[in-house]
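Chain residues, written in single-letter form:
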Amino acid sequence: MITYTDSNEEHFLEKLASKLGRPTPGKIPTRHISGPPDFWTKTQPSQDELLQQFIANAERLTVKCQLISNKNDIQSTIGGWISEIKAKSIICWDSPELKQASIPDICQNLGLNLTLWNHQADRREMIRQCANVDVGITWADYGVANTGSMAILSNPVQSRAVSLLPPVHIAILKRETILPHMGDIFTKLDYTDLPSSLTFITGPSRTSDIEMDLALGVHGPAKVFILILG
Amino acid sequence: MTTLMNENFKKRIKFALHNKSMREAIKKATTILKNNRLKAAEEMGDWDEWRQRGKDIRSHVIANLDYYLKQFADNVRAKGGKVYYAGQAEDVIQVVMEIVNQHQAKTVAKSKSMISEEVHLNKALYDRGIEAIETDLAEYIIQLAEEPPSHIIVPAIHKNRNEIADLFSKEAGKEISSDTPSLNAFARKTLREKFLTADIGLTGCNFAIAETGSIVLVSNEGNGRMVSTLPKVHIVLMGMERIVPNFSDLEAVLNLLPRSATGQKYTSYTSIISGPSHPGELDGPEEMHVIIVDNGRTNLLGEKDFQEALRCIRCGACFNVCPVYRQIGGHAYGSVYGGPIGAVITPLLNNDLKNWGELPYASSLCAACSEACPVMIPLHELLVKLRYRRFKAGYTSSMEHMAFKVFRHYFGNPRRYRFAMKSGYYLQRPLMRGNHLEGGPTPLSGWTNSRYFPAVAQKPFRQRWDEIQKGSEER
């Protein structure tokens, strides 16, 4: 009887080494090539180009984007989306960035039934509540211009469920955090202290499993809106 | 060529060839996927340079797999995850059961994992009274149909909407209409409840990052995120070769995988998960268990030719361009992995050329698979090498040996060759239809009944060559 814990690691790895016909290397193997091709990082688009690219790529995936330069326009933009989807309830991160943009207040002004994600509440209860609202609203930490993706890092305030369970996701993104490629976001990470989850969201939840017929929102949100502060 | 294949494989192929709706569906899907891939590659600059990077990164990992696995495992443990090593299928089941029992779990919600197909995990759990629910829409469909996947990326490619509606109606206990929105709504509602109540979430692993102990999941539906976010326990089934050294390498392979699979830039969700939830986080798993699985992969390691197949990133691009797969679909292969890559790795993973050695013949050796492969696995060459291995192992039929002996006898000597051509010209007459042959005795009929076999010319080219040369000199 083997116990399947870390203890049989040695045996497992020895077998690999013997197949490869050498002892396991003691230090990181040297190599000359890693990562994407060199030309990939050569081009440096301007902030404006990055914004245009981001919006074009996201919209191709049905994501609605709106650039806001005046803080006073946030409410009317979100209000427009809310009435478009006829939402009544909303869940929002209780995060300093969203508060600074007055998002919780705006939700209340719009007459929405607002829940704040509370990481000190009961787990099961909070997740259930999140699954029962019409919209989840979050901050997005980065944008990826060449794919129209947004990156969200998890932490106690930045819940994973809020961008996943409700049928609609609204994200707030700062214009200057839109970077050319996914790799540019990787370089911003602290590898000694990674978030438990780093999620790239590229458009709504989708499937083509039934006769290659595209359908949105099979498990995650069917609609995604991105408000870009710039 | 009947003598090359065993009866079961032949039967499965015949069965598939008579399934017209399945073949239509496969042709449609693979054509869409193939065209999407070509379009997605176009905008990436020099696509072959990307493929070369994919090849270099993955080759380097495989050549140093023991080092990187150790590094990966150490980093998973440093982040609070647990690591297990499973040599064979039974080991995987035992580890999963240990975790299940520890938590007295009743239900396991799964996102797509090919390893779980390899080890027949669902059946094993079911036999032990545990409910395992597939949550990828296609996997859910074929779980209800009690069928294996027929394509690595679109597993229910062979099912049409009416069949799906029947399955869902049976499950719902009421009629579900066959339009896409109704089918999707039923799946969303049913599976949502499973996500919320499952005791354990189980996922595969698209990539694992050695430097940080992170695992990477790509999914379009979001079920991968659900099962790695909502249940308190997350089990990861990981093929031992899934590693990339660092985040920079991850960017390279992530630009290859979705583009090659479906033609998307990225899938809707790419999750990079590093250990269980941090203190204070309310969602996400409290425990993370990573099971590193061999299950025959070491058979390819250290094999100069076949080690290359371990580079595979499971995109399915080779399926979509394969003229054989496009005709017979995935089930005809009879193996967990079909298509060109399946024909290569199945006999090797199982270390069994006797029962699986026929799969490498399910190829026309046109090399479209090798050309499509984002990590440049020379699939068609490996198929030939496997055929040779099967021949060496003595599994080819005596009929085939005889045929090649005869061939060598006549084609190895000019006089005998001339004689054979001359007699061939007369002997072929009863079979001639215009300028090609039809029917005849086996094994000849194995070719003439389904393919074009040109008749031997009255005046062979050798003779005409002299005249042609003369003619050109005169000019």
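Here the structure is a predicted model, which means the values were calculated and not measured. (Residues numbered from 1 in each chain as written. Chains lettered and ligands numbered in written order. Predicted model: local features only at pLDDT ≥ 70, side-chain atom pairs only at ≥ 80, totals over all residues. Heavy atoms only, no water.)

Draft legend 1. Region of interest: the overall build of chain B. The helix and strand tally for chain B stands at 22 helices and 12 strands. Here the C-alpha coordinates of chain B stretch approximately 95 × 55 × 45 Å along the principal axes. Classification of the 475 residues of chain B by burial places 57% in the buried group. At a minimum sequence separation of 6, the contacts of chain B that also span at least 24 residues come to 72%. In the structure as shown, chain B presents an accessible area of about 20,300 Å², 52% of it carried by carbon and sulfur atoms. (Helix = DSSP H or I, 4+ residues; strand = E, 2+ residues; numbered from the N terminus. Buried < 20%, exposed > 50% of the residue type's maximum accessible area, 1.4 Å probe, protein only. Contact = heavy atoms within 4.5 Å. Areas by Shrake-Rupley, 256 points an atom, 1.4 Å probe, with all protein chains shown as cover.)

Draft legend 2. Structural view of helix 1 (residues 9–20) of chain A. Taking 1.5 Å per residue, 12 residues should reach 16 Å; helix 1 of chain A reaches 17 Å between its end C-alpha atoms and fits that length. Taken residue by residue, helix 1 of chain A has Glu9, Phe12, Leu13, Leu16, Ala17 and Leu20 of chain A as its buried positions. Along the axis of helix 1 of chain A, the buried residues cluster in a sector spanning 135°; they form a single face. Relative to its buried face, helix 1 of chain A has exposed residues pointing more than 90 degrees away, namely Glu10, His11 and Ser18 of chain A. As for helix 1 of chain A, its buried residues are in contact with helix 3 (47–63), helix 4 (65–78), strand 1 (82–86) and strand 10 (287–293) of chain B. Backbone geometry just downstream of helix 1 of chain A places Gly21 of chain A in the positive-phi region, at approximately 70°. (Expected span 1.5 Å × (residues − 1). Arc of directions from axis to C-beta.)

Draft legend 3. Layout of the packing of helix 15 (residues 339–349) of chain B against helix 18 (residues 379–392) of chain B. All names here are of chain B. Closest axis-to-axis distance for the helix 15/helix 18 pair is 9 Å, and the angle between their directions is 35°. Relative to helix 18, the crossing made by helix 15 is left-handed. Where helix 15 approaches helix 18, its residues Pro340, Ile341, Ala343, Val344, Pro347 and Leu348 are matched on the opposing element by Leu379, Leu382, Leu383, Leu386 and Arg389. For the contact of helix 15 with helix 18, a count of residues per class yields 10 nonpolar, no polar and one charged. (Axes fitted to C-alpha atoms, helices over the stretch in contact; angles between N-to-C directions. Left-handed = near helix turned anticlockwise from the far one by under 90°. Nonpolar A, V, L, I, M, F, W, Y, C, P; charged D, E, K, R; others polar.)

Draft legend 4. Geometry of the sheet that holds strand 9 (residues 197–201) of chain A. Read from one edge to the other, the open sheet built from eight strands follows the order 8(A)-5(A)-6(A)-9(A)-9(B)-6(B)-5(B)-8(B), with strand pairing classed as mixed. Taken across any chain shown, the strands that pair with only one partner, and hence form the sheet edges, are strand 8 (178–179) of chain A together with strand 8 (243–244) of chain B. Where strand 5 (residues 142–144) of chain A lies against strand 8 of chain A, two bridges are found, and the strand directions are parallel. Each residue of the ladder has a partner; that of Gly143 of chain A, found in strand 8 of chain A, is Ile178 of chain A. Helix 12 (residues 247–261) of chain B contacts strand 5 (207–209), strand 6 (214–219), strand 8 and strand 9 (269–273) of chain B of the sheet and is inclined by roughly 170° relative to strand 5 of chain B. (Pairing = 2+ DSSP bridges.)

Draft legend 5. Representation of the pattern of salt bridges within the structure. This model, assessed by the stated rule, comprises 30 salt bridges over all chains. Arg77 of chain B serves as the salt-bridge partner of Glu9 of chain A, at 2.9 Å between the closest nitrogen and oxygen. In this pair, Glu9 of chain A sits in helix 1 while Arg77 of chain B sits in helix 4, so the two residues belong to two different chains. Across the pair Lys123 of chain B and Asp127 of chain B runs a salt bridge, and its minimum N-O distance is 2.8 Å. Of this pair, Lys123 of chain B and Asp127 of chain B both sit in helix 7 (residues 121–127), four residues apart, which is roughly one turn of that helix. (Salt bridge = Lys/Arg side-chain N within 4 Å of Asp/Glu carboxyl O.)

Draft legend 6. Highlighting empty space enclosed by the protein. Residue and element names in this part refer to chain B. By the definition in use, this model includes six cavities of 30 Å³ or more. Looking at the largest cavity, its volume works out to about 90 Å³. As for the largest cavity, its lining consists of 13 residues, of which Cys312, Cys315, Cys318, Cys373 and Pro374 are closest to the centre. Here the residues of the lining of the largest cavity sort into 11 nonpolar, one polar and one charged. (1 Å grid on protein atoms, 1.4 Å probe; cavity = no way out; pocket = protein on both sides within 12 Å on 5 of 7 lines; lining within 4 Å. Points joined across faces, edges and corners; volume = space filled by probe spheres on them.)

Draft legend 7. Focus on the interface of chain B and chain A. Contacts between the two partners involve 113 residues from chain B and, on the opposite side, 89 residues from chain A. Of the roughly 8,400 Å² buried between chain B and chain A on both sides combined, carbon and sulfur atoms contribute 57%. When the buried area of chain B at its contact with chain A is split by residue, Asp66, Tyr85 and Leu282 of chain B rank highest and sum to 10% of it. Summed over the shared surface of chain B and chain A, the number is eight salt bridges. Close ionic contact of Arg53 of chain B with Asp38 of chain A constitutes a salt bridge, the shortest N to O distance being 3.5 Å. Considering every element that reaches the side of chain B that touches chain A, the biggest residue donor is helix 10 (residues 180–197) of chain B, with 11 residues. The residue makeup of the side of chain B that touches chain A, split by class, is 48 nonpolar, 36 polar and 29 charged. (Buried area = accessible area lost by both parts, 1.4 Å probe.)

Draft legend 8. Looking closely at the domain arrangement of chain B. Domain parsing of chain B yields domain 1 (51–295), domain 2 (311–392) and domain 3 (398–474). Look at where the C-alpha atoms of domain 1 of chain B and domain 3 of chain B centre, and you get two points 55 Å apart. (Domains from an automatic or database assignment.)

Draft legend 9. A look at the packing of helix 19 (residues 398–411) of chain B against helix 20 (residues 414–427) of chain B. Residue and element names in this part refer to chain B. Remark: helix 19 packs on helix 20, axes separated minimally by 6 Å, with the N-to-C direction vectors making an angle of 110°. Comparing their axes, helix 20 and helix 19 come out roughly perpendicular. Residues His409, Tyr410 and Phe411 of helix 19 touch helix 20, and the partners they reach there are Arg416, Tyr417, Phe419, Ala420 and Met421. Of the residues assigned to the contact of helix 19 with helix 20, the class counts are six nonpolar, one polar and one charged. (Parallel < 35°, antiparallel > 145°, perpendicular 65-115°, else oblique.)

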